[in-house]
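As a plain string of letters, each chain reads:
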Amino acid sequence: MSIFRIERGHDGPARIGRLTLDELETSTPSLAGPPQEESHWLTYSVYERSSSSDSAASMIALPTIFASHDETDTLTHKSSLVLLPSIPGSSSLGQEMAELLLSWQLGFLRERPKSVPPQHCVVRIPVGIDTVLLKEYLSQFSELGVRSASFLLNSELGSDDFSSVKLRSAIPRNWLAIALGRIDPHLLPLLIYLGFDVIDIGRAFSAAAKNVRLWQVTNEKVLEVDHQRFCSCRHCISIDDFGETARDNRLETLTGHNIDMYRQVMSESISKMHDGQLRWLVESRTHASPSMTSLLRRIDREIYEFLEEFTPTIGQGVLPLIGPESYHSPIVRRFRERLVERYAPPPHKRIVLLLPCSARKPYSDSKSHRRFSRAIENGIGRSESSIAETIITSPLGIIPRELERVYPIAQYDIPVSGDWDTEETSIAVDALVKHLAKFSDEAVVLAHVSGGYQTIVNEAESRIKQSIIYTSSGHSTGSRSSLESLTEVLQDLKSKLEIRATEQKRLQDTLRSTADFQFGKGTGSLLIPDSAHLKGKLYHMVTCQVEEVQTCSFIGSSGALSLTMDGGERIAPLDRYVVRFEGAEIKGGSIFAVGVNEADPVIRPGDEVVVVGKDNTVMAVGKSEMSGPEMCEFEKGRAVSIRHKRK
Amino acid sequence: MEDTLERIQSVIISASTKARGSSIAFRRQRNPTRPAASWITTSRIGNSTGKALSVVFSTIGCSHARGESGGCTMCSYLLDGTSVPPSAAELVEQFAAAMSKLDDEEAPLSVKLYTSGSFLDSEEFPSEAMKSVLETIAQDPRITQVVVESRPDYVTESNVSLLRSILGYRHIEIGIGLESMNERVRMLCVNKGFSSDDFEQALLTAKQQNIGVRAYVLIKPPFMTERDAILDSVLTVRQSAALWASTVSVNPVNIQRHTLVEQLWTDGLYRPPWLWTVVEVLKRGHSEIPQETNLVCDPVAAGKARGAHNCGRCDQAVIRAIRDFSLDQDPKSLEGLDCECKTDWEHVLAHEDVSLYVHSDRHEGR
Ligand code: SF4
Ligand SMILES: [Zn+2]
Ligand SMILES: [Zn+2]
């Protein structure tokens, strides 16, 4: 029996899994290669074409459609994955051919249900096949019991590689995904990030045979270079000059080195996945070549929904956003989109104050923002709730002060040089225009910005209805004169707009905006109604009680709300972030995917969710461990970690 | 499943037709009185060696390629043909021009009559011309061997008895592009358009007149892995020898213009066979066929990017060994060859089968 189980998501589509093939158990992501004396990978060979010692391989490829071969009756006793027959070199023959290759594999399985058990079989996905067509076929394979697919890559980083990656995103979420072909080490982080579970290292051997030493990002033709690189690995260390090394020794050394390079990059990727920083590793690898960069950009653009679904909404530690590769990363793009969609400014805001971001996060802990806040207090005193503080930053766009603790705002780290490139400028301009459109035309916009930030406001100006006052006229925003001018302008406005001292709304604004951001527009006023009693220190912990019953609490360190049962009941009628549980009773601290057939597709790993039972009542609240669609599709795995449940 | 195969076949046929495209319209109009090519080589004639004159007649080309069926996936012989069909008299003139090259040669001689299609197809090569050419040969006692080429459809009783009656005692061989004994490979990968039965029938017909058949075996049609290619060719060599083919000639695919194979090659989806593959086919083939069957190979464009090739360093030595073996039929000629690229080839054999990734020159460099 072959079983593939996903044990732990998520850092993007990347996942840790476990593949069980009768006696053999391997954790994934795993490498795959030809059998060797001590192979640290899944081994593969070809049915009845390899030496007998290879027949224990964990993946057996059946000969191609055209090959002369005998019937495959003997496969029953094998505990290997079986790669179904297809043909090489057909990708330029169009959709019809691609479809025929799938239909051949389907027919092959249907004719031999006994000798080739479908659970063991791997569909070879034809390069370039249309996604919709593929999905139609996959459901038929699924019905037969197939749970694995293989994809072909050539490391050219062109349209073929993109096609395979895109098709990978189209297979059922719980299938095993195998990448075959020529795969250079620098592709590994990307493939793992995209959720490939098994990766072919055949390239290690063919490169060695061509006297090519593989490195993390580049390849070295050891007999052709003027300067051979130093390598301290256990294989290379005894070699001074490959040119003077006997052929067998050279081959063995290069093979060993190349294999270890794959192992090294693989383990680095897995370690980064555990830290939630795999995306960062992928982005940093794109600097290997322009084509890597454009491949990632294309992936971000065209399979964003796939990447985003598996990208958690919570995280720990610093989130490095290192350059243009980060502008459209799922975390960043999702934040920008959600802000537009879910944030509504509190009605009592009459002044919008645009501020630059700070290198230190959260912003309000930074020196510059502490200065701003003193200047604001000096200017407007107890009426500061009428000001919508809005921070401009790259590549997230703009951040309302109320959301400064939300993930990833309190965590991201960017190179702060003050120079904005055209793309980040246009991202920020766009975000600013959309944000200001949510305020009334009478609101006054104060731009306390300089340098690149000022360019953004200037560029946005023609698309903004409100009038803009610049308060730092040419000076740095933190300078005494700028801060004084901010204070003066606020004093002026206070009297002109007849802003009276109002009650402190900071806690309410923050909690409501957070609720809206987390659960969608309108949830803020349900969880934190006007009658709510808010207690605690903002940015530490704030609890919200309505008639002595707690609905939720705001945790400053995560910038998120956690629900109580009462809170869950308040938002359940909106049917958002709801997981429908089939069981009668929740045992223990989790519910598992097997008990879920319906869940809000918007749910992401890390989200706060409401568990609703068959009788339509709230059974529990908790934190999701997978995406909504995964909960529905998976037969295994923890779906929700319960925080509170009905007694 | 059969239905799927048929549809795969029709996709390949239309791809092949498309690759040929309008190229046929640009065929040159050749001088109808000169052969497209003619040359003299040293060749195996019976059990000894002698000179062989090969004549490629300029004709309108192969009926299979001319017609709806799209032609074979690797063949652009049609392009070597001429757009205006030469008359019988002109064909005879072509032959006379070529024959003059044999003036100073001594027996035993062999004459190989090639067209860009079938010598026995009367539409391509009118019967009067055929008779006249054969009669000219019959008058030359130095010529002891005659080879013609034809698709099996034209290996009819009347044609073979004509050959026999005019050429008399001479050793006659008809070359037939069998390519592969595997029906799927021949029909789909090559788009050959005839069945194994057609081939066997032609073989029997020829045998009645004691005419031998020279089976052409294709090494590495498209859509096969390098190891598929070896296994298929070895099997075909063995089976065609068992069917009484007098000579088996293995032909590694070379990239000809305006063919499906060329298009695949350009896209990095096809690589001509390694010379190691050719050596392997010859070695294994030789050990599996009877002594009296000749196994020969004259690889076209060998050592070049468009022909069977290795790494570039060892190609010439390997080609020489292949040629030597073809002349002396001694497997020792194929021994002792080695090069670093052999390791790469061995890896390709194993890896292509598993991954179906084409280790083409475009991807892998050369
Ligand atoms: S290989 Fe022979 S049969 Fe095929 S198209 Fe060429 S000439 Fe015609
Ligand atoms: Zn090393
Ligand atoms: Zn070589």
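Note that the coordinates shown come from a computational prediction; the quantities given were computed from them, not determined experimentally.

**Overview of the sheet that holds strand 30 (residues 638–645) of chain A**
Residues and elements named next belong to chain A. Here 6 strands make up an open sheet; going across it, the order is 26-30-29-28-25-27 and the pairing mixed. Across the chains shown, the open sheet's two edge strands, defined by having one partner strand only, are strand 26 (590–592) and strand 27 (596–599). Each adjacent strand pair in this sheet contributes to an overall mean axis angle of 35°, direction not counted.

**Quick word on the coordination of the zinc ion (ligand 2)**
All names here are of chain A. For the zinc ion (ligand 2), every protein donor is listed as Cys231 (SG), Cys233 (SG), Cys236 (SG) and His257 (ND1), and the spread of their distances is 2.0 to 2.3 Å. When the donors of the zinc ion (ligand 2) are listed by position in the chain, the intervening gaps give C-x1-C-x2-C-x20-H. Across the pair, exposure class does not vary: Cys231 and Cys233 are buried alike.

**Concerning a negative patch on the surface**
A cluster of acidic side chains, namely Asp324, Asp328, Asp330 and Glu335 of chain B, defines a negative patch on the protein surface. Here Asp324 of chain B is to be found in helix 12 (residues 315–328).

**Quick notes on empty space enclosed by the protein**
Scanning the entire structure with this criterion turns up 3 cavities of 30 Å³ or more. Approximately 150 Å³ is the volume found for the largest cavity. Looking at the lining of the largest cavity, the elements that each hand over two or more residues are strand 16 (387–393) and helix 15 (506–519) of chain A. Looking at which element gives the most residues to the lining of the largest cavity, the answer is helix 15 of chain A, with 3 residues. Residues belonging to the lining of the largest cavity are distributed by class as follows: 2 nonpolar, 2 polar and 8 charged. In terms of lining residues, the second largest cavity is bounded by Pro88 of chain A together with Lys220, Pro222, Phe223, Met224, Thr225, Leu264, Leu269, Tyr270, Arg271, Glu352 and Val358 of chain B. Residue composition of the lining of the second largest cavity, grouped by class: 8 nonpolar, 1 polar and 3 charged.

**As for the coordination of the zinc ion (ligand 3)**
All names here are of chain B. Protein ligation of the zinc ion (ligand 3) involves Cys311 (SG), Cys314 (SG), Cys339 (SG) and Cys341 (SG), the donor distances falling in the range 2.2 to 2.4 Å. Angles of 103 to 116° at the metal separate the 4 donor atoms of the zinc ion (ligand 3), which places the site in the tetrahedral class. In primary sequence terms, the donor set of the zinc ion (ligand 3) follows C-x2-C-x24-C-x1-C. With Cys314 in the loop between strand 8 (294–296) and helix 12 and Cys341 in helix 13 (residues 341–355), the pair connects residues that are 27 residues apart, well separated along the chain. In terms of burial, Cys314 and Cys341 fall into one category: buried.

**Considering unusual backbone geometry**
Most of the time, phi is negative for any residue but glycine, and the peptide bond is trans. Put simply, Ser394 of chain A and Pro395 of chain A share a cis peptide bond, and its omega is -5°. The residue Pro395 of chain A is located in the loop between strand 16 and strand 17 (397–400) in this model. At Tyr577 of chain A, a residue that is not glycine, the phi angle is positive and equals roughly 55°. According to the relative accessible area criterion, Tyr577 of chain A is buried, its value standing at 1%. At Lys220 of chain B, a position not held by glycine, the phi torsion is positive, near 70°. Among the structural elements, Lys220 of chain B can be located in the loop between strand 6 (212–219) and helix 9 (226–242).

**Examining the packing of aromatic side chains**
Scanning the model with the defined rule gives 11 aromatic pairs over all chains in all. Judged by centre distance (5.4 Å) and plane angle (45°), the rings of Phe335 of chain A and Phe517 of chain A are tilted. Within this pair, whereas Phe335 of chain A is found in helix 10 (residues 330–342), its partner Phe517 of chain A is found in helix 15, the two being separated by 182 residues in sequence. Judged by relative accessible area, which is 2%, Phe335 of chain A ranks as buried. Taking the centre distance of 5.2 Å and the plane angle of 80° together, the rings of Trp420 of chain A and Tyr453 of chain A count as edge-to-face. Taken as a pair, Trp420 of chain A in the loop between strand 18 (412–413) and helix 12 (422–436) and Tyr453 of chain A in helix 13 (residues 451–461) lie far apart in primary sequence, 33 residues in all. Tyr453 of chain A sits in the buried class, given a relative accessible area of 13%. Grouped by ring-pair contacts, the aromatic residues Phe57, Phe95, Phe119 and Phe125 of chain B constitute a single cluster.

**Quick look at the interface of chain B and chain A**
On the side of chain A, 46 residues touch chain B, which itself brings 44 residues to the contact. Roughly 4,100 Å² of surface becomes buried between chain B and chain A when both sides are summed, with 61% attributable to carbon and sulfur atoms. The interface formed by chain B and chain A contains 5 salt bridges. Among the salt bridges present, the one from Arg247 of chain A reaches Asp338 of chain B, with a minimum N-O distance of 3.2 Å. Summed over the shared surface of chain B and chain A, the result is 13 residue pairs in polar contact (both at pLDDT 80 or more). Looking at the side of chain B that touches chain A, the elements with two or more residues in it are helix 1 (2–20), helix 7 (183–189), helix 9, helix 10 (260–266), helix 13 and helix 14 (361–364) of chain B. Partitioning the side of chain B that touches chain A into residue classes produces 22 nonpolar, 10 polar and 12 charged.

Cut-offs used in this document
Residues numbered from 1 in each chain as written. Chains lettered and ligands numbered in written order. Predicted model: local features only at pLDDT ≥ 70, side-chain atom pairs only at ≥ 80, totals over all residues. Heavy atoms only, no water. Pairing = 2+ DSSP bridges. Helix = DSSP H or I, 4+ residues; strand = E, 2+ residues; numbered from the N terminus. Axes fitted to C-alpha atoms, helices over the stretch in contact; angles between N-to-C directions. Donors = N, O, S within 2.8 Å, 3.2 Å for Na, K, Ca; no water. Buried < 20%, exposed > 50% of the residue type's maximum accessible area, 1.4 Å probe, protein only. Patch = residues over 30% accessible without salt bridge, like charges linked within 9 Å, V, L, I, M, F, W, Y side chains within 5 Å. Areas by Shrake-Rupley, 256 points an atom, 1.4 Å probe, with all protein chains shown as cover. Salt bridge = Lys/Arg side-chain N within 4 Å of Asp/Glu carboxyl O. Lys, Arg positive; Asp, Glu negative; His and termini not counted. Charge placed at Lys NZ, Arg CZ, Asp CG, Glu CD. 1 Å grid on protein atoms, 1.4 Å probe; cavity = no way out; pocket = protein on both sides within 12 Å on 5 of 7 lines; lining within 4 Å. Points joined across faces, edges and corners; volume = space filled by probe spheres on them. Nonpolar A, V, L, I, M, F, W, Y, C, P; charged D, E, K, R; others polar. Tetrahedral: all angles 85-135°; square planar, octahedral: opposite > 155°, others 65-115°. Phe/Tyr/Trp six-rings, centres within 6.5 Å; stacked < 30°, edge-to-face > 60°. Contact = heavy atoms within 4.5 Å. Buried area = accessible area lost by both parts, 1.4 Å probe. Polar contact = N/O pair within 3.5 Å; in protein donor to acceptor, adjacent residues only side chain to side chain.

Note that every value here comes from positions in space, so none of it alone points to a role or purpose.
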